[in-house]
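# Summary of structural features
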Amino acid sequence: MHRVSDINVVETAVLPAPELLLREVRRTEKQASFVAESRQRLHEIIFTEDRRFLLVIGPCSIHDIKAGRDYAQRLAALSKTVNDRIELVMRVYFEKPRTSIGWKGLIMDPHLDGSHDIFTGLRLARQFLGEVIDMGLPTATELLDPITPQYIADLICWSAIGARTTESQTHRQMASGLSMPLGFKNATSGSLPAAINAIKAASQPQTFLGISSQGLASAVTTRGNPNCHIILRGGESGTNYDSASIADARAQLEKNKLPPAIMVDCSHANSGKDYRRQPEVLRDIVRTLLNGQNAIIGSMVESNLVEGSQTLSNAADLKYGVSVTDPCIGWETTEALIKEIYTALEPRFASCTRAP
C-alpha cells in the first residue's frame, strides 16, 4: 500500500493541554485584576476621550529572560513618572514571523539552539508575562500561531496582528475571540484596506477550527472583538506616518464606519528599517497629534537595553541586552525620548480633545 500521510513529517510531539500549563503557572487574582483594569484603560485611550498617549515599547523580541526582566524593571520605574500623560505598555514578543528562515522566538525555540522545546517556551513565556504584570506594567505581544493564545492570552493586555498575517482569515478569526484590544498592521505592501477589512471581520461573530483548554480539536464560535484598531507601519511604497497619510487613514476608517483610532509603528518601513530614525518618527507623530490630528492614539517603538542587534549563532557568545532580531534603540535613548515626549504632550492636556 502506498503511503499517503505524514510523508514529510519527522516527529509529532504531543503538547500538554493549555489547561495543564494554566494550572502549573497560575494567574493570581491580583494579576487578573491588573489585566482587566489595563485592558479597560487601553480601551479608553483608543476609543474614548482619554487624552493619554499609548506607547507600546520594548525589545523586538524576548530571548533572554534576565535581560527582559532588567528592561521591565526600568520601564516600570519610568512609567510611574509619566503615566498621567503616557500609558507605557511593554512589548513582550515571544513569536517572530520569518520572511524566509531564522529564529522563530522564545516559545518556538527557548534554548536558541534549534531544539524547539516548545512547551518549555510556553512555560517561560507565561512565567515572564506574570513577572511583568507584577511590576505594574501592561503587556503587549504579537500573536502569530492561533494555538498560542490558549496558553498565554489571559496575561496579555494588548496584542497585534502583524503585516504578514493581517490578510490571513485564520488570524482574523482568532482575533474575533480574543479578550484584549488588538491592532491590525497595514499589509507589507502598505495597503490599508487589508487592515480595515481585518478589523471589520474580527469585530463580527466567527466559527472556526481551534483547540479547547483541554487540547481537543474544536469548533470555536466567537461573539466578535469590538476593540480592534489599525496600526500604520509603512510599506513597500514608503512611510505612512506623515500628516497626509494619517488624514487618509482616518478618512478610510470613517468611510467604512469604523472608529478613527490610529496607532503608528515607528519601526519597519516607517523608519526605513533604520532603528536610529525611530525617535525622529515618534517626534513627528506627536507634532501631528498636537497640530490637531486627534485620530492618533499612540505609537510603537522597538527598544532594548543596548542599541543595535546581533547575530544569533552561539547562545553562549551573545551580548547582554542586545536584540537577536530587529535592531533597537538603547535604554538611554529610550528614557530620554519618553521624557521628551512627556514634556511635549503638556499642551494636549491643557486644551486638546479628540474629535468625535
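Turning next to the packing of helix α2 (residues 29-47) against helix α4 (residues 118-134). Angle between the axes and distance between the axes are the two parameters that describe a pair of packed helices. The N-to-C vectors of α2 and α4 enclose an angle of 75°; their axes lie 10 Å apart at closest approach. One element, α2, and the other, α4, form an angle in the roughly perpendicular class. Of the residues in α4, those in contact with Q31, F34 and V35 of α2 are G130, I133 and D134. For the contact of α2 with α4, the class distribution of residues is 3 nonpolar, 2 polar and 1 charged.

Glancing now at the pattern of salt bridges. One pass over the structure, following the stated rule, counts 17 salt bridges. Notably, a salt bridge pairs K185 with D265, separated by 2.8 Å at the nearest N-O pair. Taken together, the positions of K185 in strand β5 (residues 182-185) and D265 in strand β9 (residues 262-265) put the pair 80 residues apart, joining distant regions of the chain. According to the relative accessible area criterion, K185 is buried, its value standing at 6%. The salt bridge partner of E280 is R277, with a shortest N-O separation of 3.1 Å. Taking the relative accessible area as the measure of exposure, E280 reaches 40% and is therefore partly exposed. Through salt bridges with shared partners, a single network forms among R41, D50, R52 and E87.

Definitions and cut-offs
Residues numbered from 1 in each chain as written. Predicted model: local features only at pLDDT ≥ 70, side-chain atom pairs only at ≥ 80, totals over all residues. Heavy atoms only, no water. Axes fitted to C-alpha atoms, helices over the stretch in contact; angles between N-to-C directions. Helix = DSSP H or I, 4+ residues; strand = E, 2+ residues; numbered from the N terminus. Parallel < 35°, antiparallel > 145°, perpendicular 65-115°, else oblique. Contact = heavy atoms within 4.5 Å. Nonpolar A, V, L, I, M, F, W, Y, C, P; charged D, E, K, R; others polar. Salt bridge = Lys/Arg side-chain N within 4 Å of Asp/Glu carboxyl O. Buried < 20%, exposed > 50% of the residue type's maximum accessible area, 1.4 Å probe, protein only.

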